[in-house]
Amino acid sequence: MFVWISIGILLFWIGIALLGPLLTLNPYDIELSRILSPPGTGTWLGYDDLGRPIWDRLVLGARTSLVVAVCVVTISMWVGTFLGTVTAYLGRWWDHFMVRVIDIFLAFPGILLAIAMAGLMGPGIDNVVIALSTVGWVGFARLSRAQVLSLKHREHVQAAVALGAGRIRIVTRHLIPLMVAPLIVEATFSIAGVILAEAGLSFLGLGVQPPAPSWGSMIRDGARYMLVTPHMVLAPGVSVMLVVVAVNSLGDRLRDWMDVRTQRI
Amino acid sequence: MLRFIVSRLLSALVVLMGVSCLVFLLIHLVPGDPIEVMLGESAQPADREALRHALGLDQPIPIQLLNYFNGLVQFNLGVSLHSQRSIVELLTERFPATVELTLASLLVAIGIAFPLGIFAAVRKDTLWDHLAIGISLLGVSIPIFWMGPVLILILSLWLGWFPVSGREDPASLVLPALTLGIALSAILSRMIRASILEVLNEDYIRTARAKGLRERAIIWRHALLNALLPVITVLGLQLGGLLGGAVIVETVFSWPGVGQLMVEAIHRRDYPVVQGCILLISFTYILVNTLTDLVYAWLDPRIRLREES
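All chains use their own residue numbering, which begins from 1 and follows the written sequence. Lettering for chains starts from A, numbering for ligands starts from 1, and both go in the order in which the items are written. Only residues with pLDDT of at least 70 are given local features in this predicted model, and only at 80 or more are side-chain atom pairs given and counted; all residues enter the totals for whole chains, interfaces and linings.

(A) Inspection of the interface of chain B and chain A at higher detail. Counting from both sides, the interface comprises 42 residues of chain B and, opposite them, 37 residues of chain A. Helix and strand assignments follow DSSP, with helices taken as H or I runs no shorter than four residues and strands as E runs no shorter than two, numbered in order from the N terminus. Of all the secondary structure elements, the ones that give two or more residues to the side of chain B that touches chain A are α1 (2-26), α6 (127-141), α7 (144-158), α8 (174-200), α10 (215-252), α11 (258-268) and α12 (271-299) of chain B. Of the residues that constitute the side of chain B that touches chain A, the class distribution is 32 nonpolar, 9 polar and 1 charged. Throughout, a residue-residue contact means that the two C-beta atoms, derived from backbone geometry, are no farther apart than 7 Å. Nonpolar residues are Ala, Val, Leu, Ile, Met, Phe, Trp, Tyr, Cys and Pro. Charged residues are Asp, Glu, Lys and Arg, and all others, Gly as well, are polar.

Encoded structure:
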């Protein structure tokens, strides 16, 4: 039951993000007479401090978070898995070097490095993607390294080596297919993390620039008028929360289903 | 034990150096000419050259890196472009507030997570367990920059219990610490639950049951102590989440810590201060983690024996 609700929320999120351009939205239209009007007056989520319809901006914000999440997770997964797998398979000083690099990246607490990078590179969606991918690849590299280390001495790999299979063939045919399940689970949790991080960067004013909407910047704008119009901060906040809860609970379910034991229990 | 300590300290040193190099390179991420970004396009060429010289950016990169490390070991991080004050001085002024917030959040997290995690594990698969899991799922998913304003709205604007922001009296610590602590308690309570459930499957628990011990004695005396040991390491690692989250929470509550200083510096394009803030926060994190590892090894001999062999 809960899984179906989660899937429903995610489909709705992806749906409005993809179909947004087809709907007639006016996220940038300013109606001075409707500034801060509560839900129900003209549009069902009300208007913001500049008289722009909140629902229309929410839909456009969904697009921002989806684009960033998909880009960051795709880039991080490819880069991280490639580096983690190759260095772990080659072993020796390649692996030692990778472990050090991973340690150094993990030494930056939370999204601190992403905040600093996005701040220094300047605002913009492309810089947000670069900053979050720079932080995100490490998790995939660490996971794939651990997987390769535990898989590479298995019998089927040794059999392949004995049969004269090349390194590329062993990695792509005999290792990667066994790593797919944990990688998918990691990617799911990573999507939730990226949505939160993107909104966090926008909240700090380091993400998408105004007037383009993002859930994070909508929360920041809304916080200023919280006492007068709580809906301005509630609507984007509930949206982020619902999507992240849905992704996380789906991740939990996927992990149980695929029976992957990772650190995050 | 000595060998373990030395190897752990050496690897911490390597990480510290790597982190310093990365932070040094950050300034070269600024698109185009960082000097132009900092001073604006209308700056006089003479001023630009003066700043470039003052920051050492006119030197070749290896020399810059050498100068940077030289300053680092002498606790000299340069001066702020905005206030012209020494960055080390700015950081020492702000650091206590961040430490205070982080420790208070840790206490909040422990206070919520331990009862919740233990309760969920002991009553596994009951309604209480599902409820505890649900609460922790919600806690992981609520963005802190949203929970902050919501807590302000309810607890300070509507109920008037705590101040909205600032750091004037002790009561102003409550809301930021709650915001940051609740987020951590969600992750922590899951870890505690999982850790206890794992221990309950161990042989010595079965032995204790076979001896006819009461369930309460088994859980409190045999399971808890062993289950909570791994949680110490997790706490050390989660401190990273706290320190990273502090940057956002400090901004929400105008809490005058290092995180707020960093966000202010980013908006003022005061890049040397940004570098200083990241260095301080990451160094703190690395040191605390190294310490946690040492304490853990001291408490649990299995760890150091495994590493030494």
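So much for the structure itself; the text now carries on.
(B) Inspection of the packing of α7 of chain B against α8 of chain B at higher detail. Residues and elements named next belong to chain B. Axes here mean lines fitted to C-alpha atoms, for a helix over just the part in contact, with angles spanning 0 to 180 degrees between N-to-C directions. Where α7 contacts α8, the axes come no closer than 9 Å and their chain directions differ by 135°. Considering their axes alone, α7 and α8 lie oblique with respect to each other. As for how α7 packs across α8, the hand of that crossing is right-handed. Contacts from Ile144, Met147, Gly148, Leu151, Ile152, Leu155 and Ser156 in α7 reach Leu175, Leu178, Thr179, Leu180, Ile182 and Ala183 in α8. Counted by class, the contact of α7 with α8 contains 10 nonpolar, 3 polar and no charged residues. Here roughly perpendicular refers to angles of 65 to 115 degrees, roughly parallel to angles under 35, roughly antiparallel to angles over 145, and oblique to all remaining angles. Crossings are classed by handedness, with left-handed meaning an anticlockwise turn of the near helix from the far one by less than a right angle and right-handed meaning a clockwise turn.

(C) The arrangement of helix α2 (residues 54-90) of chain A in detail. All names here are of chain A. With 37 residues, α2 ought to run about 54 Å at 1.5 Å a step, and its terminal C-alpha atoms sit 53 Å apart, in line with that. Each residue is classified by how many other C-beta atoms fall within 10 Å of its C-beta atom, where C-beta atoms are placed from the backbone; a count of 20 or more means buried, 12 or fewer means exposed, and values in between mean partly exposed. Burial analysis of α2 places 26 of its 37 residues in the buried class, which makes it a mostly covered element. Immediately beyond the C-terminal end of α2, within one or two residues, lies Gly91, with a positive phi of roughly 70°. To estimate how far a helix should reach, multiply one less than its number of residues by 1.5 Å.

(D) Here's a closer look at the nonpolar core. For our purposes the nonpolar core covers buried Ala, Val, Leu, Ile, Met, Phe, Trp, Tyr and Cys residues that link as a set through C-beta atoms within 7 Å. Grouped together as the largest cluster of nonpolar side chains are 140 residues, with contacts concentrated most on Leu112, Ala114, Ile115 and Ile195 of chain A together with Val274 and Cys277 of chain B. The leading source of residues in this core is helix α5 (residues 87-122) of chain B, at 14 residues. Boundaries between domains were set according to an automatic or database domain assignment. Counting contributing residues per domain, this core is built from domain 1 (2-73) and domain 2 (88-308) of chain B, each supplying no fewer than three. Beyond its immediate sequence surroundings of up to four residues, Cys277 of chain B is in contact with Val258, Leu261, Met262 and Ala265 of chain B. In this structure, Ala88, Tyr89, Val171 and Leu175 of chain A belong to the second largest nonpolar core, which totals 6 residues.

(E) Representation of the packing of α2 of chain A against helix α9 (residues 231-258) of chain A in the model. Residue and element names in this part refer to chain A. α9 packs onto α2 with a crossing angle of 30° between their chain directions and a minimal axis gap of 11 Å. Between α2 and α9, the angle falls in the class roughly parallel. Handedness of the α2/α9 crossing: right-handed. Taken together, the residues of α9 that come into contact with α2 (itself represented by Ile54, Leu58 and Gly61) are Met232, Ala235, Pro236 and Ser239. Looking at side-chain class alone, the contact of α2 with α9 contains 5 nonpolar, 2 polar and no charged residues.

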